[in-house]
Amino acid sequence: MNYRHAFHAGNHADVFKHLTLTRLIALMSRKEQPFAYLDTHAGIGLYDLQGDQASRTGEYLEGIARLWDQPDLPALTADYMKVLHEMNPDGQLRYYPGSPELARRLTRPQDRVLLNEKHPEDGLLLKDNMAGDRRVKVHLGEGWHVPRAMLPVQEKRAVMLIDPPFEQLDEMQRCAASLKEAVGRMRQTVAAIWYPVKDQRMLRRFYQDLAGTGAPKLLRVELLVHPLDTPNSLNGSGLAIANPPWGLEEELRELLPWLSKKLGQTQGGWQMDWLIAES
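Right, let's walk through the structure included here. (Residues numbered from 1 in each chain as written. Predicted model: local features only at pLDDT ≥ 70, side-chain atom pairs only at ≥ 80, totals over all residues. Heavy atoms only, no water.)

### Considerations on the overall build of the chain
When you go through the chain residue by residue, the secondary structure sums to ten helices and ten strands. The C-alpha radius of gyration computed for the chain amounts to 17 Å, which stays within 12% of the reference 19 Å derived for 279 residues, consistent with globular compactness. Taking the intrachain contacts of the chain between residues at least 6 apart in sequence as the baseline, contacts between residues at least 24 apart amount to 76%. Side chains of the chain give 34 positive and 36 negative charges; the mean places of these two sets differ by 5 Å. (Helix = DSSP H or I, 4+ residues; strand = E, 2+ residues; numbered from the N terminus. Rg over C-alpha atoms; globule rule 2.2 N^0.38 Å. Contact = heavy atoms within 4.5 Å. Lys, Arg positive; Asp, Glu negative; His and termini not counted. Charge placed at Lys NZ, Arg CZ, Asp CG, Glu CD.)

As structure tokens, this is what we get:
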């Protein structure tokens, strides 16, 4: 594994993914019943945007930096921005939360956070960054094994983020297989798969694979920063969300037009539909 997320921390894809994750957690938290948060490819959890890797690419400048000092942020961004301001109390944007840190800070005392990271160095950093919170458990292993190893959970409710590095050509197929296994083991799992929007031919097959997973319902949401036909570029990113909690679709319809304007580069846009409609 060569992928290190620190090079990309806080970019447009992170902002979209993490904003959506904070809304998933908020909507799940409306019920008192506990839930477990599972992260298959967790990374290190915390990122220094002025560190060597993030500053080398500067991708965060086209992502979270565009939102940092904005006075007109929608109310739906409040949880996300609250964590960011807690991490940067001097008002200077330096530290950025990965999905594990967002989940750790936004889940409740009765919830659990189950994290997995395969990269050996990143796994140890993740353990250090999550130390001190007894609700958090860090596993060092293959992310594709998480559905089989951890589902079903004792809480009866689960949110699972599947967010691989997409270094290998078969990772979209493995995402669909992981989703199929997750809903097979615990049908009500709220599972969100993050994916890059680049190769349209590969994406068409991915959508077909997702539609065949047997999920009760599956929402497809994509945020674009370039036109879809821009070559050799990350044109945007998507989330395929199985069993989205009630209210998420409406919230995203409110957030995405604003977010596409803020984060669009050559051309912003968004799209949302159901790959599997509720029967």
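### Notes on empty space enclosed by the protein
Enumeration over the complete set of coordinates arrives at one cavity of 30 Å³ or more. Computed from the structure, the largest cavity encloses a volume of approximately 30 Å³. In terms of lining, the largest cavity is formed by F16, L19, T20, L252, L255, L256 and L259. At the level of elements, helix 1 (12-28) and helix 10 (248-263) are the ones that each hand at least two residues to the lining of the largest cavity. In terms of residue count, the dominant contributor to the lining of the largest cavity is helix 10 (four residues). For the lining of the largest cavity, the residue count by class is six nonpolar, one polar and no charged. (1 Å grid on protein atoms, 1.4 Å probe; cavity = no way out; pocket = protein on both sides within 12 Å on 5 of 7 lines; lining within 4 Å. Points joined across faces, edges and corners; volume = space filled by probe spheres on them. Nonpolar A, V, L, I, M, F, W, Y, C, P; charged D, E, K, R; others polar.)

### A word on the packing of helix 1 against helix 10
Contact geometry for helix 1 and helix 10: axes closest at 11 Å, N-to-C directions at 160 degrees. Here helix 10 runs roughly antiparallel to helix 1, going by the angle between their axes. Read as a crossing pair, helix 1 and helix 10 show a hand that is right-handed. In this structure, helix 1 uses H12, V15, F16, L19, T20, R23, L24 and L27 to contact helix 10, whose residues at the interface are L248, E251, L252, L255, L256, L259 and L263. (Axes fitted to C-alpha atoms, helices over the stretch in contact; angles between N-to-C directions. Parallel < 35°, antiparallel > 145°, perpendicular 65-115°, else oblique. Left-handed = near helix turned anticlockwise from the far one by under 90°.)

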